[in-house]
Amino acid sequence: MKTMQNRALAVILCFALLFGSVGLVNAVNSGKQAEEETAVNTAVTESPSDTVSDSEAVYVLTDAAGTVDKVILSDRLQQEKGTSQQAEDIPVEVRFTYRLDGREIAPEELAGKSGKVEIRIDYKNLVSEKKEINGKQETLYVPFLMVSALLLDNEHFSNVEVENAKTVNDGSRTVVIGYALPGMNESLALPESIDLTIPDHVTITADAKVFQLGSVYTLATNELLRDYDENDPDALNKLVSSMNDLTDATDRLLDGAKALNEGLNTLLSKSGVLSDGVDSLCSGADQVAAGAGTLASGAKSLADGAKSVNHGTAQLADGAGSLLAGADQLSAGADQLSAGLEQLSGNSAALNQGAEAVFASLLSAAQTQLTSNGLSVAPLNISNYQSELNRIIASLDTDAVYAAALAQVTAAVEAQRPEIEAMVTAAVKEQVTAAVTAAVQQNVSEQVKTAVAEQVRAQVIQAATGMTVEEYEAAAANGLIDEATQAAIEAQITAQLASSDVQALIAQNVEAQMASEQVQGLIAQNIEAQMASEEIQKTIADNTEAQVQKAIADTMAGPEVQGQLAAAAEGAQAVIALKTSLDQYNAFYMGVKSYTAAVDAAAQGAAALSSGAAELKTGATSLADGSAQLLSGTQTLSGGAGDLSSGAAALSDGADRLAAGTHDLQNNLPALLEGITKLRDGSQELRSGMTQFNEEGIEKLSKLVTEDAEGLAERLKAIAALGKAYPAAYSGLNPETVSGLHFIYRTASIGE
């Protein structure tokens, strides 16, 4: 299985190298789910709607199994497609299956459980088209690269194994990055002889302890073949040429692995000769070391005697000669030094004053520059310029400027909160008034209709029977009025109620009732009660806060605040450059002051030195003449004996090191031979692995590219065209302004 994974990964990497690059954006947020959803919604709703970009984003929020809960579009996509999106709008279905100890389990049941856990992510490409490939209709899928990322806390997960994924363990967490190309197997239609499978799922297995899992993020991007030019007439030649280069490089690697293995075999076969030579070398080195030791002992005795004779005279002669030469040089040099330092010392005051004047001029120019740019700065001098400029740089920091602007804008908007609240209250009251009035009018209308209906009924019954309503109903109940008469009376009542006169009377009564003080008072009481309710007050408070925050955000995003931030960043760089220049001159100025102080002190000492050096020269001349004659005789004897002793000692030391080295070589020879054997075995494995890689990977891939290059190129052209056309087809935007489309999936967490 691992070999198959490596083959699939090799194909993906080869495609990426031959036809373009893939840009991926991975964001794994470990915060709480509510905070994450707020961040996603804020990122979408606050993105500028008029921004021209070649990539757009769609955010897909799902439950832990992958069922879509909500689809959020970027501003441009919302404007084009509308704000209501359904799960059917996503191009790739991402499903999560969980198993505990081999049994499938629902995500919500898995929280807090322990055991062997398997998480499988399946990707299903839902977007395909029929294309003609080499005269035949083929189903091709839009090329989506899927990358899923999740974090496994090492306190809860161990022994993590993956399929179609990579892991990185930082000691506390294991990061899993899975990859897949759903639909690519079907689109490429690779022949069975190639034996290559492109992954369409990711599997993670681990030992879980009290299972909990944060959100899993998945990126779906159509930019796999974005840079492949399907209209390039040389695309086929480039494909074949690149594959030939890859094949040639693999052949050279195979040749190198073979040569390495054969060379190590030869080296190992000669190890016996090497071992015998080392043994002989050790024996000879021991004999040389013994003889050299005897010679060194005799030479040392001779040198010690000669050294005793020559010791005193050599020291005397050397000292006298050195003293005379030094005294002569000292006297001449002291005179020159004294004269030169005296001249330099006379210029020290002027040099210090000039350097200070230049520094003052630079500080004045710096102050003028800062003031002309609207910066408040205290008078600059040598002692305070650094702290003052550091203060200005700190004040121009974009974070500080932003914080100050935010505080100022917030205070200004908060000052208008009563007016905002009043406007919100008025709007809410208008809605409440309309609702209460409508409800009261409905109630009054029902009452008036009922009263009018009773009057009409009584009048019709009186006119038809001469009875009251009560007498009529009693007679009807006793069977004294036939059904036909009752039906005629009811029909006449219905007709009377439907007449324009009765309807006008009802409307007039309703209008009169609504205009009455009693009803108007009731409406006012209901409005007041509604406005005083917790629900309405909360609505007013929430809307007021929303309007306040919107006003703050709009002002901070406006040109005035943004201009302040840009100006602050530019000004900070300019002040930093100015301070750097002043610091460089300050270093020069301090060096001048140190130099002149040292010159003044040296001039005083040089005058005293010149006087004493003349007296020393006279005495040294007499001492040197006498010691030179004595040194001549003893020097010859001592020099020869010393050379002999040194040479013998060096010879003995070298012989000892030679003997020790040969014994170290002899002792370490088994380890060397063992290392050569392991290296030989490793080279054999490398040679076998390279052969297998060439046979199972490169040769098959080369066969696919070179033998069916036209068919593969035709498919890749069609697949690339589908990928490039999809963003515009999905979004409805101009293809020239949008070429990339990223779908970012985020699952709900489990047990967090």
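Residues numbered from 1 in each chain as written. Predicted model: local features only at pLDDT ≥ 70, side-chain atom pairs only at ≥ 80, totals over all residues. Heavy atoms only, no water.

Q: Just to check I follow, could you spell out the overall build of the protein for this structure?
A: Tallying secondary structure elements over the protein gives 18 helices and 14 strands in all. For the protein, the residues scored as buried account for 34% of the 752 residues in total. Restricting the contact set of the protein to residue pairs at least 6 apart, pairs at least 24 apart contribute 77%. (Helix = DSSP H or I, 4+ residues; strand = E, 2+ residues; numbered from the N terminus. Buried < 20%, exposed > 50% of the residue type's maximum accessible area, 1.4 Å probe, protein only. Contact = heavy atoms within 4.5 Å.)

Q: Just checking my understanding: could you explain the pattern of salt bridges for this structure?
A: If the charged atoms of two oppositely charged side chains come close together, the side chains can form a pair. Going through the model one piece at a time under the given rule, you end up with 14 salt bridges. Two residues, Arg-99 and Glu-104, come together in a salt bridge whose shortest N-O distance is 4.0 Å. (Salt bridge = Lys/Arg side-chain N within 4 Å of Asp/Glu carboxyl O.)

Q: What exactly am I supposed to notice about helix α10 (residues 398–415) here?
A: What sets the pattern is the α-helix's 3.6 residues per turn: residues three or four places apart point alike. Helix length check: α10 (18 residues) gives 25 Å between terminal C-alpha atoms against 26 Å at 1.5 Å per residue, within 8%. Residues Val-401, Ala-405, Val-409 and Val-413 constitute the buried set of α10. Buried residues of α10, seen end-on, are gathered within an arc of 90 degrees and therefore sit on one face of the element. Exposed residues on α10 whose side chains face more than 90 degrees from its buried face are Asp-399 and Ala-415. (Expected span 1.5 Å × (residues − 1). Arc of directions from axis to C-beta.)

Q: What's the story with the confidence of the model for the protein in this structure? I'm lost.
A: Model confidence for the protein is summarised by a mean pLDDT of 79, while 76% of its residues fall at 70 or above. Here residues 1–53 scores under 50 on pLDDT; set against residues more than four positions off or in separate chains, the count is 85 contacts. (pLDDT = per-residue confidence, 0-100.)

Q: Can you help me understand the sheet that holds strand β8 (residues 145–153) in this one?
A: Within a beta sheet, neighbouring strands are joined by backbone hydrogen bonds and run either parallel or antiparallel to one another. Judged by pairing direction, the sheet is mixed, and its seven strands sit side by side in the order β2-β1-β14-β13-β8-β11-β10 without closing on themselves. Either end of the sheet is taken by a strand with one partner, and the two such strands are β2 (68–73) and β10 (165–169). For this sheet, the mean inter-axis angle between neighbouring strands, taken without regard to orientation, is 15 degrees. Where β8 meets strand β13 (residues 217–221), five bridges bridge the pair, whose relative direction is antiparallel. Counted as the bridge partner of Met-146 is Ala-220 from β13. (Pairing = 2+ DSSP bridges. Axes fitted to C-alpha atoms, helices over the stretch in contact; angles between N-to-C directions.)

Q: I'm lost on the sheet that holds strand β9 (residues 157–163) in this one. Help?
A: In spatial order, the strands read β4-β3-β5-β12-β9; together these five strands make up an open sheet with antiparallel pairing. What marks the edges here is a single partner per strand, and that holds for β4 (103–104) and β9. When strand β5 (residues 115–125) meets strand β12 (residues 201–208), the two strands line up antiparallel, connected through eight bridges. Opposite Arg-120, over in β12, you have Thr-203 as the bridge partner.

Q: What is the right way to read the packing of aromatic side chains from this model?
A: Ring pairs (aromatic) are described by centroid distance and by the angle formed between their planes. All chains considered together, the criterion is met by nine aromatic pairs. Judged by centre distance (5.4 Å) and plane angle (80 degrees), the rings of Phe-157 and Phe-211 are edge-to-face. Of this pair, Phe-157 sits in strand β9 while Phe-211 is found in the loop between β12 and β13, placing the two residues 54 residues apart along the sequence. Phe-157 gets classed as buried once you look at its relative accessible area, which sits at 5%. Residue class for Phe-211 comes out buried when judged on its relative accessible area of 1%. (Phe/Tyr/Trp six-rings, centres within 6.5 Å; stacked < 30°, edge-to-face > 60°.)

Q: Would you mind going over the nonpolar core with me for this structure?
A: In globular proteins that are soluble, nonpolar side chains generally tend to be buried together. Core analysis: the largest hydrophobic core is formed by 63 residues, its most contacted members being Val-58, Met-146, Phe-211, Phe-743 and Tyr-745. Among the elements that make up this core, the one with the highest residue count is helix α18 (residues 709–731) (eight residues). Ignoring anything within four residues of it in the chain, the contact list for Phe-743 reads Val-58, Pro-91, Phe-144, Thr-218, Leu-219, Ala-220, Tyr-726 and Tyr-730. Residues Val-436, Val-460, Ile-489 and Met-531 belong to the second largest nonpolar core, which totals 35 residues. (Core = buried A, V, L, I, M, F, W, Y, C linked by side-chain atoms within 4.5 Å.)

Q: For this particular structure, what's the right way to read a nonpolar patch on the surface?
A: Together, Leu-344, Leu-351 and Tyr-595 make up an exposed nonpolar region whose accessible area comes to about 260 Å². Among the residues examined, Tyr-595 registers a relative accessible area of 41% and is labelled partly exposed. (Patch = residues over 30% accessible without salt bridge, like charges linked within 9 Å, V, L, I, M, F, W, Y side chains within 5 Å. Areas by Shrake-Rupley, 256 points an atom, 1.4 Å probe, with all protein chains shown as cover.)

Q: Whenever I open this one, the packing of helix α11 (residues 417–465) against helix α15 (residues 517–532) confuses me. Can you help?
A: How two helices pack is summed up by the angle between their axes together with the distance between the axes. For the pair α11 and α15, the least separation of the axes is 9 Å and the interaxial angle reads 135 degrees. As the angle between them shows, α11 and α15 are arranged oblique. Where α11 crosses over α15, the handedness of that crossing is right-handed. Contacts from Thr-425, Val-428, Lys-429, Val-432, Thr-433, Val-436, Thr-437, Val-440 and Val-444 in α11 reach Val-519, Ile-523, Asn-526, Ile-527, Gln-530 and Met-531 in α15. Its residues assigned to classes, the contact of α11 with α15 comprises nine nonpolar, five polar and one charged. (Parallel < 35°, antiparallel > 145°, perpendicular 65-115°, else oblique. Left-handed = near helix turned anticlockwise from the far one by under 90°. Nonpolar A, V, L, I, M, F, W, Y, C, P; charged D, E, K, R; others polar.)

Q: What's the story with the environment of Val-452 in this structure? I'm lost.
A: By secondary structure assignment, the location of Val-452 is in helix α11. As a C-alpha pair, Val-452 and Ile-506 span 54 residues in sequence and 7.0 Å in three-dimensional space. Excluding residues that lie within four positions of it along the chain, Val-452 makes contacts with Leu-497, Val-502, Ile-506 and Asn-509.

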